[in-house]
Amino acid sequence: MLAAALAGCETAPVTPAPSEPKAAFSGDPKAALAQAEADVQEAKSKNALWTTATAALKAAQAAAAKGEWDAVMKNAKVASEQARLGIAQSKYPVAKHF
Amino acid sequence: MKQRVALFAALAALVAGPSVALATPEQDREEFVRYFNKKFPNLKYEDYIFGALALNPDAKTQYDTIMEFPPFLNELDHGKKMWETPFKNGRTYASCFPDGGRNVVGNYPYFDDKLGKVVTFEMAINMCREANGEHPYKHSDMKTMGVLTAYARTLSDGMKVNVKVQGPEAMKAYEDGKKFFYTRRGQLNFACSTCHVDNGGNTLRTELLSPALGHATHWPVFRQGTNLVTLHKRYAGCLEQVRAEPLPEGSTEFNNLEYFHTYMSNGLEIRSSVFRK
């Protein structure tokens, strides 16, 4: 028990090297990231992009560079959702009230 | 029966749609003025050029005091020097505008039929530069375009805004700007009108929201004394505040927005380069 504990102390924390996706979230993180990039680009082309979508995409891209695939999946989904909401919003009736 | 009702509703919408879109700019402006007159019955029309300050006597008193000796005089002096410094060919900015650039800003933006687009005062400055062999300034560069127009616009102080919308192409640009103004954007789902029409005069967090009437008369402003902010920079800032990605300053969308937005202030005096909190 003690030996095991000491052995644990000897092991320095290691930042995991980028590896192939093994995400807790269902789906392929690389595909989700590609989809998020496409969704954000589409929202941008329609002048309907939200800053929250941009921020989530950046977070997803940064996580991908570190191989943090759960974070990629999570942020890519947010980016796609927020980009699509922006596009849907651009089709709302105008707010004019008089 | 249901199909007939749906068909009738669709036809009614078709009839109603164009009638809204075909409101003339002057009808839009008159409605705008009526709305704000009803909302602020004690506010004098000419005081709308002061924005939110017109609704807050204490803040207006502070503004008046600050404007007696504005903290941004150095910037205006620098802009004046830029305005008066000849180009390499010996000509000056004044040579590009009627009356040496005095009392011209109230006519901007205008729709240029030959170019097929809205021309803002900043674009006219760049056209002047290019016609005289100089490179254009970036609209977002406050050290060049910002400072230069901060001075140049003061040459039109007192002139009344007199924007014209004539012809179908001009009308289209105006309508684009109008649509932008009333379109909800960003995660907060706000349109320009949400804050500056519906809630003009209300307090959002600690800030009193300015009425859109008179908005376009006093740019650029110096926020906190020396932070130069042009109208397009403010548009970009507003978009960011509602969590929408800002568009580039000088973009067609912002130019058309400025066209509509300025038309709404027709008849009010230009009072450029002023202090704002």
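Here the structure is a predicted model, which means the values were calculated and not measured. Along each chain, the written sequence defines residue order, and numbers are assigned to residues from 1. Chains carry letters and ligands carry numbers; both start at the beginning, A for chains and 1 for ligands, and go up in the order they are written. Per-residue local features are limited, in this predicted model, to residues with pLDDT of at least 70; the limit for side-chain atom pairs, both in listing and counting, is 80 or more; totals at the level of whole chains, interfaces and linings are taken over all residues. To obtain the side-chain values, all non-hydrogen atoms of the structure were used and water was disregarded.

1. Regarding the confidence of the model for chain B
Residues and elements named next belong to chain B.
- Confidence in the prediction for chain B averages 92 pLDDT; 92% of positions are at 70 or higher.
- pLDDT measures the predictor's confidence residue by residue and takes values from 0 up to 100. Contacts are residue-level and defined by heavy atoms, with any inter-residue pair within 4.5 Å sufficient. A low-confidence stretch, residues 5–20 (pLDDT under 50), is modelled with two contacts involving residues beyond four sequence positions or located in other chains.
- The ipTM assigned to the predicted complex is 0.84, against a pTM of 0.87.

2. Here's the deal with the confidence of the model for chain A
Residues and elements named next belong to chain A.
- Looking at chain A as a whole, the pLDDT averages 83, with 71% of positions reaching at least 70.
- Runs of H or I in DSSP of at least four residues are treated as helices and runs of E of at least two as strands, each being numbered from the N terminus. Averaged pLDDT values over the elements of chain A bottom out at 42 in helix α1 (residues 2–10) and peak at 98 in helix α3 (residues 51–66).
- Scored below 50 in pLDDT, residues 1–14 shows zero contacts in the model against residues more than four places distant or in partner chains.

3. Looking at helix α2 (residues 25–39) of chain B
Residue and element names in this part refer to chain B.
- Expected span of a helix, by definition, is 1.5 Å for each gap between consecutive residues, and there is one gap fewer than residues. The terminal C-alpha atoms of α2, which comprises 15 residues, lie 21 Å apart, in line with the 21 Å expected from a rise of 1.5 Å per residue.
- Here the term buried applies to any residue with accessible area under 20% of the maximum for its type, exposed to any over 50%, and partly exposed to those in between, with areas from a 1.4 Å probe on protein chains only. For α2, the complete set of buried residues consists of P25, D28, R29, F32, V33, Y35 and F36. Down the axis of α2, the smallest arc covering the buried residues is 160°, so these residues share one side. Residues of α2 that are exposed and point over 90 degrees away from its buried face: R34 and K38.
- In this fold, the buried residues of α2 make contact with α7 (168–182), α8 (192–198) and α10 (252–263). Note: the arc covers the axis-to-C-beta directions of the helix.

4. Quick look at the sheet that holds strand β5 (residues 221–223) of chain B
All names here are of chain B.
- For two strands to be treated as a pair, DSSP must find at least two bridges joining them. With respect to topology, three strands assemble into an open sheet ordered β6-β5-β7, the strand pairing being mixed. In this open sheet, the two strands that pair with only one neighbour each are β6 (227–229) and β7 (274–276). When strand polarity is set aside, the average angle formed by the axes of neighbouring strands in this sheet is 40°. Axis definition: a line fitted to C-alpha atoms, limited for helices to the stretch in contact. Angles are taken between N-to-C directions and run from 0 to 180 degrees.

5. Things to note about the packing of aromatic side chains
Residue and element names in this part refer to chain B.
- Pairs were defined over the aromatic rings of Phe, Tyr and Trp, the Trp ring being its six-membered one, requiring ring centres within 6.5 Å. Orientation was assigned from the angle between planes: stacked under 30 degrees, edge-to-face over 60, tilted for the rest. Scanning the model with the defined rule gives 21 aromatic pairs over all chains in all.
- With 6.5 Å between their ring centres and 85° between their planes, F32 and F260 make a pair best called edge-to-face. Placement of F32 in helix α2 and of F260 in helix α10 is noted, with a sequence separation of 228 residues between them.
- Residue class for F32 comes out buried when judged on its relative accessible area of 1%.
- Chaining the aromatic ring pairs together yields one cluster made of F32, Y35, F36, F40, Y48, Y174, F181, Y182, F260 and Y263.
- Over the face of the ring belonging to F50 we find K60, whose NZ or CZ atom lies 4.3 Å from the ring centre.
- Taking the ring centre of Y137 as reference, the NZ or CZ of R129 above it sits at 3.7 Å. We call a charge positioned above a ring when the Lys NZ or Arg CZ atom is no farther than 6 Å from the ring centre and deviates by at most 35 degrees from the ring normal.

6. Some remarks on the nonpolar core
- Residue types Ala, Val, Leu, Ile, Met, Phe, Trp, Tyr and Cys, when buried and joined through side-chain atoms within 4.5 Å, form a set referred to as a nonpolar core. Formed by 73 residues in total, the largest nonpolar core has its most connected members in F32, F36, W83 and Y259 of chain B.
- At seven residues, the largest contribution of residues to this core is made by helix α6 (residues 142–152) of chain B.
- Apart from residues no more than four positions distant in its own chain, F36 of chain B is found in contact with Y48, H196, V197, P211, A212 and L213 of chain B.
- Counting residues in hydrophobic clusters, the runner-up holds 19 residues, among them A43, M73, A76 and A83 of chain A.

7. Side note on helix α2 (residues 29–45) of chain A
All names here are of chain A.
- Spanning 17 residues, α2 covers 24 Å between terminal C-alpha atoms, matching the ideal 24 Å at 1.5 Å per step.
- Along α2, the residues that are buried comprise P29, A32, L33, A36, D39, V40 and A43. An end-on view of α2 places all buried positions within 125° of arc, on one side of the element.
- Taking the backbone nitrogen of K30 as reference, a side-chain oxygen 3.0 Å away marks D28 as the first, capping residue of α2.
- Once α2 ends, the next one or two residues include N47, with phi positive near 55°. What qualifies as a polar contact is a pair of N or O atoms within 3.5 Å, subject to a donor-acceptor requirement within protein and to the restriction that residues adjacent in sequence count only when both atoms come from side chains.

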